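One letter stands for each residue in the lines below.
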Amino acid sequence: MICDRCENQAAYTRKYSGEKLCSECFSKSIVKKTAKTISKYNMIQHNELVAVAVSGGKDSLALLKIINEMASTHSFKIKAITIDEGIPGYRNEALEIVEKICKELNVEHKVYSYKDLFELTLDEALELREGEKTSSCSICGTLRRRAMEHAAKDIGADVIATGHNLDDTLQTFVINMLSGDTKKIGWMDPDTSTNSLRKIKPFCEIYESEIVFYAFTNDMPFQSEPCPHMNEGIRTEIREFLNSLETQHSGIKNNMYQSILKVSQIVKNSNSKKRRRCEQCGNECTSGICSVCSTVLKLKENQT
Ligand code: SF4
Ligand code: ZN
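Let me sum up the structure you'll find in this document. This is a predicted model, so every value here is computed, not measured.

What counts, and where the lines are drawn
- Here the residue numbers are simple positions, counted from 1 along each chain's written sequence.
- Each chain gets a letter, beginning with A, and each ligand a number, beginning with 1, in the order they are written.
- A pLDDT threshold of at least 70 governs which residues receive local features in this predicted model, and a stricter bar of 80 or more applies before side-chain atom pairs are shown or counted, although totals over entire chains, interfaces and linings include all residues.
- Excluded from the side-chain calculations are hydrogens and water; all other atoms, namely the structure's heavy atoms, are used.
- Only N, O and S atoms count as donors, using a 2.8 Å cut-off from the metal and 3.2 Å for Na, K and Ca, and because water is excluded some sites may appear unfinished.
- Think of it this way: with four donors and all angles in the 85 to 135 degree range, the site is tetrahedral; with four or six donors, opposite ones beyond 155 degrees and the rest between 65 and 115, it is square planar or octahedral; otherwise it is irregular.
- Each residue gets one of three labels from its accessible area relative to the maximum for its type: buried under 20%, exposed over 50%, partly exposed in between, using a 1.4 Å probe on protein chains only.
- We call a set of buried residues a nonpolar core when its members are Ala, Val, Leu, Ile, Met, Phe, Trp, Tyr or Cys and they connect through side-chain atoms within 4.5 Å of each other.
- Strands are runs of DSSP state E lasting at least 2 residues, helices are runs of H or I lasting at least 4, and numbering of each runs from the N terminus.
- Contact criterion: two residues are considered in contact whenever any of their non-hydrogen atoms come within 4.5 Å of each other.
- Salt bridge, as used here, is a side-chain nitrogen of Lys or Arg placed within 4 Å of a carboxyl oxygen of Asp or Glu.
- Pairing between two strands requires that DSSP report at least two bridges joining them.
- Only the stretch in contact is used when fitting a helix axis, every axis being a line fitted to C-alpha atoms; angles between N-to-C directions are given from 0 to 180 degrees.
- What a helix is expected to span follows from its residue count: subtract one and scale by 1.5 Å.
- The reported arc concerns the directions from the helix axis to the C-beta atoms and nothing else.

Observations concerning the coordination of the zinc ion (ligand 2)
Then, number 1: The protein atoms that coordinate the zinc ion (ligand 2) are Cys3 (SG), Cys6 (SG), Cys22 (SG) and Cys25 (SG), at distances spanning 2.3 to 2.4 Å.
Then, number 2: Considering all four donor atoms around the zinc ion (ligand 2), angles at the metal cover 99 to 115 degrees and the coordination shape is tetrahedral.
Then, number 3: The motif formed by the donor residues of the zinc ion (ligand 2), counted along the single chain, is C-x2-C-x15-C-x2-C.
Then, number 4: Given a relative accessible area of 3%, Cys22 falls into the buried group.
Then, number 5: Its relative accessible area of 11% is what places Cys25 among the buried residues.

Pasting the structure below:
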């Protein structure tokens, strides 16, 4: 099997397009697609500082590598940030990998912990949650949003870039639908150019399986130990369901992604009519207190 773009042996077949690529042409195609997504949604402007959120997983390390290469030829700068949730035995391996890669790439790196920011590790916060209704990942995700905003402000960044891929977007959409959280669908629009601190996802149009292959073919080390809370929520089941659909119907994830783009814009426009400011932090929300502040306040109440 020969690569469709050069004379080398093909190493990857894109089932949804039938394209066969060698490792080198495949990697180039991922870099090109990322650059295209960044420019399509105006994700990064001239002279901006981008905080790249690097967890140590394959997505964020691949993003760091690609965006670092771009920064060297474009007029923007990057710094890496890592959020330490305080999950025993899980984050340490990741932190070592991130430190090492940042050193190799000569990227400044800073770690922010839940303990320093909220006086609670994730495990301590989970002890304080009311009943069993709120999942670990939902509390963790809420705290992470606040921690990343803090980190970005601390290093003076204009933009936060995360390694979320197309599969993450589909899963989040289904989770929001199944939990009745339709408001959050409006936050899924990749165009965040009107927000004061923009959160961008340059891999949002790339399949997870392609990021895995990119990381593998570029010999990127990544964290092997999964988070102990990973299988508590519904996300794993939805991931498996969407993967089995894609196996039977190649390209169905791309179709679904296109639908989500349209729906999220409609919800975003409808949310904007109800837009208010959070009384606690001043971020935009629809109810006078944003979900991050309400979670943090509840945890603090339970702590005292
Ligand atoms: Fe947090 Fe859930 Fe991710 Fe673990 S899997 S780090 S609990 S969001
Ligand atoms: Zn090739």
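A short note on the nonpolar core
When a protein is soluble and globular, its nonpolar side chains tend to lie buried together.
Then, number 1: Of all hydrophobic cores here, the largest spans 54 residues; its most connected members are Ile44, Val50, Val52, Leu64, Ile67, Phe76 and Ile78.
Then, number 2: Considering every element that reaches this core, the biggest residue donor is helix H2 (residues 58–73), with eight residues.
Then, number 3: Setting aside its immediate chain neighbours within four residues, Ile67 contacts Ile44, Val50, Val52, Phe76, Ile78, Ala161 and Pro202.
Then, number 4: Ala53, Ile83, Cys278 and Cys285 belong to the second-largest nonpolar core, a separate cluster that totals 34 residues.

What to know about the pattern of salt bridges
Then, number 1: With the rule as written, the count across this model stands at 21 salt bridges.
Then, number 2: The salt bridge involving Lys184 is made with Asp181; its shortest N-O contact spans 3.1 Å.
Then, number 3: On the accessibility criterion, Lys184 (29% relative accessible area) is partly exposed.
Then, number 4: By relative accessible area, which is 26% here, Asp181 ends up partly exposed.

Some points on the pairing of strand S3 (residues 49–53)
Then, number 1: Most of S3 sits inside the fold, with five of its five residues counted as buried.
Then, number 2: On S3, burial covers both faces: Leu49, Ala51 and Ala53 on one face and Val50 and Val52 on the other are all buried.
Then, number 3: Both S3 and strand S4 (residues 77–84) contribute to a ladder of five bridges, which runs parallel. Paired with Val50 across the two strands is Ile78, which belongs to S4.
Then, number 4: Looking at chain direction, S3 and strand S6 (residues 159–161) are connected through three bridges and run parallel. Paired with Val52 across the bridge in S6 is Ala161.

Observations concerning the sheet that holds strand S5 (residues 109–113)
Then, number 1: In space, the five strands of this open sheet follow the order S5-S4-S3-S6-S7, with parallel pairing throughout. Two strands close off the open sheet at either side, each with one partner strand: S5 and strand S7 (198–200). Ignoring strand direction, the axes of neighbouring strands in this sheet form an average angle of 30 degrees.
Then, number 2: Of the pairings in the sheet, the one linking S4 to S5 comprises five bridges and is parallel in character. Note that in S5 the partner of Asp84 across the bridge is Ser113.

Points about helix H10 (residues 252–273)
Each full turn of the α-helix corresponds to 3.6 residues, which orients residues three or four apart in the same direction.
Then, number 1: Taking 1.5 Å per residue as the helical rise, H10 with its 22 residues ought to reach 32 Å, and the 33 Å between its terminal C-alpha atoms agrees with that figure.
Then, number 2: Those residues of H10 not exposed but buried are Lys253, Tyr257, Ile260, Leu261, Ser264, Val267, Lys268 and Asn271. Looking straight down H10, one finds that the buried residues subtend no more than 155 degrees of arc, so they occupy a single side. Exposed residues pointing more than 90 degrees away from the buried face of H10 are listed as Asn255, Lys262, Ile266 and Lys273.
Then, number 3: Elements in contact with the buried residues of H10: helix H7 (166–179) and helix H9 (235–248).

Focus: the environment of Ile185
Then, number 1: Along the chain, Ile185 falls in the loop between H7 and S7.
Then, number 2: We classify Ile185 as buried; its relative accessible area is 1%.
Then, number 3: For the pair Ile185 and Leu299, spaced 114 residues apart in the sequence, the C-alpha separation amounts to 25 Å.
Then, number 4: Not counting the four nearest positions on each side in its chain, Ile185 is found in contact with Phe173, Asn176, Met177, Val263, Ser264 and Val267.

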